[in-house]
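Structural features, examined
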Protein chains: 2
Amino acid sequence: MSRTSSAPSTVGPIRLGPQARAALRPCVAPTVTAGFWYDRREVNARVGIPQGPGLLESAGNLHNLRLAAGAAEGTFRGDYPFQDTDVYKWLEAASWQLAQDAVAGRDTTALSAEVDRIVDLVAAAQDADGYLNTWFQSGRGEGRFSDLRWGHELYCAGHLFQAAVAHHRATGRTELLEVARRFADHIDTVFGPSGSGRPLDTFDAHPEVETALVELYRETGERRYLELAGYFVDRHGRGAHGHEVYCQDRVPLRDAESVEGHAVRQLYLLAAAADLATETGEQALADASARLWHAMAATKTHITGGVGAHHDKEDFGDPFELPNERAYCETCAAIASVQFSWRMALLTGQARYSDLIERTLFNGFLAGMSLDGHSWLYVNPLQVRDGYLDGGGDQSSRRTRWFRCACCPPNVMRLLAGLEHYLASTDGDGLQIHQYATGRFQGEAAGSPVTVSVNTNYPWDGRITVRAEQTPDTEWTLSLRIPHWASDYTLTLAGEPVGGAVVDDGWLRIARTWTSGDEIVLDLDLAPRLVVADPRVDAVRGCVAVERGPLVYCLEQADHPGGGLDDVVIDTTVPLLVKERPDLLSGVTTVIAAGRRRALPETGWWPYQAQAPSDSPRQGRPLELTAVPYYAWANRSTGSMRVWLPTD
Amino acid sequence: MSRTSSAPSTVGPIRLGPQARAALRPCVAPTVTAGFWYDRREVNARVGIPQGPGLLESAGNLHNLRLAAGAAEGTFRGDYPFQDTDVYKWLEAASWQLAQDAVAGRDTTALSAEVDRIVDLVAAAQDADGYLNTWFQSGRGEGRFSDLRWGHELYCAGHLFQAAVAHHRATGRTELLEVARRFADHIDTVFGPSGSGRPLDTFDAHPEVETALVELYRETGERRYLELAGYFVDRHGRGAHGHEVYCQDRVPLRDAESVEGHAVRQLYLLAAAADLATETGEQALADASARLWHAMAATKTHITGGVGAHHDKEDFGDPFELPNERAYCETCAAIASVQFSWRMALLTGQARYSDLIERTLFNGFLAGMSLDGHSWLYVNPLQVRDGYLDGGGDQSSRRTRWFRCACCPPNVMRLLAGLEHYLASTDGDGLQIHQYATGRFQGEAAGSPVTVSVNTNYPWDGRITVRAEQTPDTEWTLSLRIPHWASDYTLTLAGEPVGGAVVDDGWLRIARTWTSGDEIVLDLDLAPRLVVADPRVDAVRGCVAVERGPLVYCLEQADHPGGGLDDVVIDTTVPLLVKERPDLLSGVTTVIAAGRRRALPETGWWPYQAQAPSDSPRQGRPLELTAVPYYAWANRSTGSMRVWLPTD
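Remember, predicted model here, so these are calculated numbers, not experimental data.

Take the overall build of chain A next. Within chain A, the secondary structure is distributed over 15 helices and 24 strands. Taken over the C-alpha trace, chain A has a radius of gyration of 25 Å; the compact-globule value for 648 residues is 26 Å, and the two agree within 12%. In terms of overall dimensions, chain A has a C-alpha envelope of 75 × 70 × 50 Å along the principal axes. In chain A, which comprises 648 residues, the proportion classed as buried is 65%. When contacts within chain A are restricted to residue pairs at least 6 apart in sequence, those whose partners lie at least 24 apart make up 70%. A total of about 20800 Å² of accessible surface is found on chain A, and carbon and sulfur atoms cover 48% of it. Placing the 60 positive and 83 negative side-chain charges of chain A at their respective mean positions leaves the two points 1 Å apart.

What follows is the structure, given as structure tokens:
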């Protein structure tokens, strides 16, 4: 196969189309060069991504592709019709990594070779008419597109398209993009409004192809893909899948009042809705996307940014139904939430979307990968009780090398590998810094490039230095997000307060004529804080959580010898202390609180008792509580953990 | 078919074997003649049971039997391999009803004819070698006993055996018992220690056959059945099903420290363990049964007596993991809990087992049937949030006419129809009244019969009058259970305190020489009370529940116009009031509390906020709270409900 190649671009997961109506657009060629996210991405680059091909081989995914290509004997390996997506997500991750390595001037030979090998495998597995899904090709599924409730064929196609777009953007190569186009054209023929007679008026019950088709349109300019995405989004809620909530079919998206059903499905669908609103300018879809995002954030999101309250059906619960020990909070749902929120941030320019992205990235998302990059969490609870697993508890909230349903690990890989693209944006009149990481970001002002470098030890330190590197002589606006948790901050330039800075709904906007070398210093107050929930969040009544900066903290049993955590109480009258612990969990800042082990009542065989008027059991053994960042939990032992701490 | 018949006995679901080592044994010919349970049983007799055959016909269960008998065309109807059990549980219910009607001198012609018809159907469906399971006979299941993880063949057999025992005890007829024996013999041949070579060293992952085999032994005297029951119980925890918790295979029962896995499976297995300990006298099994019961009661039971914390896998959660809105608390699990507890009560004589039975019967169990007997709850949550179902919430906690998996309704029918057998016992030295209902109970003292009649308007009224009807001239002991919730009571005879009465671990024991006509009056204090949970029950921190007598109360939206229940707060400083409401919910006593609608915080898009030092939002609109018995909820509307009420 010839390797045609054009110059690689430095575009990330989203490139807006020429008619897009978005408040912001992603930066060109962002980089992250040091600090917290750099370190996490290095683990991803050195451990996470390189282990992919071996795991995909041993789990059977690559065998299944060879089987479809006629290059292997045997039968389909694995239990699910969506196993091809593990390969596609890995290809996407590897592609973003190749782009990142190319920008950094690193040797990409080994990873390129792996990518080439697997792209060839995918291409060889494709049928002559463009169809590609090894579950159905191997005979495990009966009849193409005959079971869109469970078959996941378009879901798989969507991940293929995203991988192909990433591969093309990162390498300039077209092999995988050609595979994607052939499959997309085939799907359009079968389903599409421009297809031959539209025999199937339905959609895949697991959304994903919709947002992927929009991006395929953006990459190829082929409007049929955009129209097909819109067509699929419009099918939801019309009963093709019996109006089942699980299938995102209860109501049309534009009529929905809140997020519902399977969290990942809902959020991939909403990412597509935001994409479509951006590309078509349709206000109803933009309104619905914003309405559902707000319903999610205000009533169905855990403090970690995790979403999905139920193990059963992996769905959103009711408003304010946010359990701790049974929080599902699938790692993939956190990723989908970030993808949806980023599209909304670009569409609207509002800072709150990036507030939620920050919270989700640092907490509900990052917990999904172990510190060493070798194991993963599928489920991200906010509490693990004493003795959990002793009684055969659910193993899904323990770190695992790989999963039978391995959707999460390569999803983490692809988000981390492309993370620099979620950090900053431009509106044509300057630059917006959404997330704070050391690196370099380029925007545009009145047609000229504006470039800044950011230096920070965030989130451990609240100081963020932004230096103007490239600037025209005319005024432009640097916008810095003031995180919604930040109660106080200062802004200086050469030690002096900065004139002309105004706060505008979460954005600190600094409009001035810049000189190359100007250094703005933003100091965010990182005093640790106790946080309470809306009283309708019944699961955390009488509790507080510890936060510092964007980090949510938790207690782990490992730091509290002499017992578990079921009897721990925090004393909220004693000020919190901060303690740097370079020795702990790859280096973290801990928060120290006063507390005690509760004197437990003698309840005998029944744990409910008539309330005694004098009940106020403040007794108990004093205990120093050591809170560690939630993202770092479950890296030491299998003991108990809790985010929300009883105050009495 | 000839209808051979011997004189019907008045034995209930349990008749101890001749070698049984139990502290107590069930009463002979108990009756319930008026009052609360009489009324509920009348609904069961007039509405519940009579609708069974029609529902079993329309759901396909009877068709499946005809199919197996070669008397119908077509294919298996329904989705599950355990649908025969709906028929068997109905036959058991109808049999207990026939016995009850016979004692009451009622016409049983119509019900007898239905029972005969369906017994004939079951008999005709049996294969020549004794095998009987329509799922496998119709070809839906592949190969007898080849899939005991999911096939439910022995589970189905168990319900057949229980139905056959009930039918025999109630009618004296042997047709169904013969069917059961043929199948039991076949199973013994395939599996049993006395079978031919024991080719299958395994067990059904859904226990039920074990306790049924013990009862079949008790009814027939065939010890092979007892041995086979023991054999199956011993197989658990040895890896036949991969040590899966869901299959009750993680650890051997004698080594287990707490209840775990699927709640119904666990409790049917424990019922068998208690049966076996009773019949064999094995201390290790008795100890394990008691240990697991206590672990369940003290750490894994909701205040309603409901058990099973998780929708996912229908299993027990961790200790003190007792969620409200997502409490699974399957109606069948409440029934299984009663069955297990009653066996433990007989084995040990301890009152606490009947304390839990009372709580479960009046609350977690009884909620499973609508007041009119026409619809059912499968799941029994302790909270339904405002707007539930608006977002497509899980429908399983709404009353339903019948279920695709209809295990619960006929299970309710059989427990209600045989309920008189769970109320009193004898130890050979008198009579123990476990549950208070108007009726007549006969025990034995020194070989002579002792009979009492009970008169009470319990649970609405705390006065229980026990009249000696038949007594020898010698001293014997009447034992009255003082419920664990009763903070105070008085005992009088002809208005005077009773001498010789001592309280002994939950039993009030009155040892005296009785005269026929003596009337003991027990007055239990029914002042309503506020109840708090062990602080480790995180889900109800900062909340109280309202109880009165054995009843747990709840708020329903229907009684609180002008809003939902998510914002309701109870004021615990104002005394509770009792209000009789003959007009409400078939006649209930309500409890009135003072409360308010909370002034909800302005949280904007994010529901978690830094704790303000002065946070004490005691404001809000005053609201009179009307609490109704939990068992009566969801009989009026689909609004919200909650058992646990925030105090602040």
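This next bit is on the relation of the copies chain B and chain A. Between chain B and chain A, which share one sequence, the superposing operator has a rotation angle of 180° and an axial displacement of 0.0 Å; the RMSD is 0.0 Å. Both copies of the chain, as the preceding transformation shows, are related through a two-fold rotation axis.

Size of an interface, as often reported, equals the accessible area lost when the parts are brought together. Residue and element names in this part refer to chain A. In terms of domains, chain A is made up of domain 1 (1-6 + 31-235 + 404-422), domain 2 (425-524) and domain 3 (529-602 + 616-646). Measuring from the centre of the C-alpha atoms in domain 1 to the corresponding centre in domain 2 gives 36 Å. Each partner contributes residues to the interface: domain 1 has 8 residues there, and domain 2 has 10 residues. Here domain 1 packs against domain 2, burying approximately 630 Å² in sum over the two surfaces, 56% of which is carbon and sulfur. Broken down residue by residue, the surface that domain 1 buries against domain 2 is led by Thr31, Phe36 and Tyr422, which jointly contribute 56%. Counting the contacts that link domain 1 with domain 2 gives 0 salt bridges. Linking domain 1 with domain 2 are 2 residue pairs in polar contact (both at pLDDT 80 or more), by the criterion used here. Elements that contribute at least two residues to the side of domain 1 that touches domain 2 include exactly β2 (28-34) and α1 (36-48). For the side of domain 1 that touches domain 2, the element with the highest residue contribution is β2, accounting for 4 residues. For the side of domain 1 that touches domain 2, the class distribution of residues is 5 nonpolar, 2 polar and 1 charged.

Reading guide: rules and limits
Residues numbered from 1 in each chain as written. Chains lettered and ligands numbered in written order. Predicted model: local features only at pLDDT ≥ 70, side-chain atom pairs only at ≥ 80, totals over all residues. Heavy atoms only, no water. Helix = DSSP H or I, 4+ residues; strand = E, 2+ residues; numbered from the N terminus. Rg over C-alpha atoms; globule rule 2.2 N^0.38 Å. Buried < 20%, exposed > 50% of the residue type's maximum accessible area, 1.4 Å probe, protein only. Contact = heavy atoms within 4.5 Å. Areas by Shrake-Rupley, 256 points an atom, 1.4 Å probe, with all protein chains shown as cover. Lys, Arg positive; Asp, Glu negative; His and termini not counted. Charge placed at Lys NZ, Arg CZ, Asp CG, Glu CD. Least-squares fit on C-alpha atoms with pLDDT ≥ 70 in both. Domains from an automatic or database assignment. Buried area = accessible area lost by both parts, 1.4 Å probe. Salt bridge = Lys/Arg side-chain N within 4 Å of Asp/Glu carboxyl O. Polar contact = N/O pair within 3.5 Å; in protein donor to acceptor, adjacent residues only side chain to side chain. Nonpolar A, V, L, I, M, F, W, Y, C, P; charged D, E, K, R; others polar.

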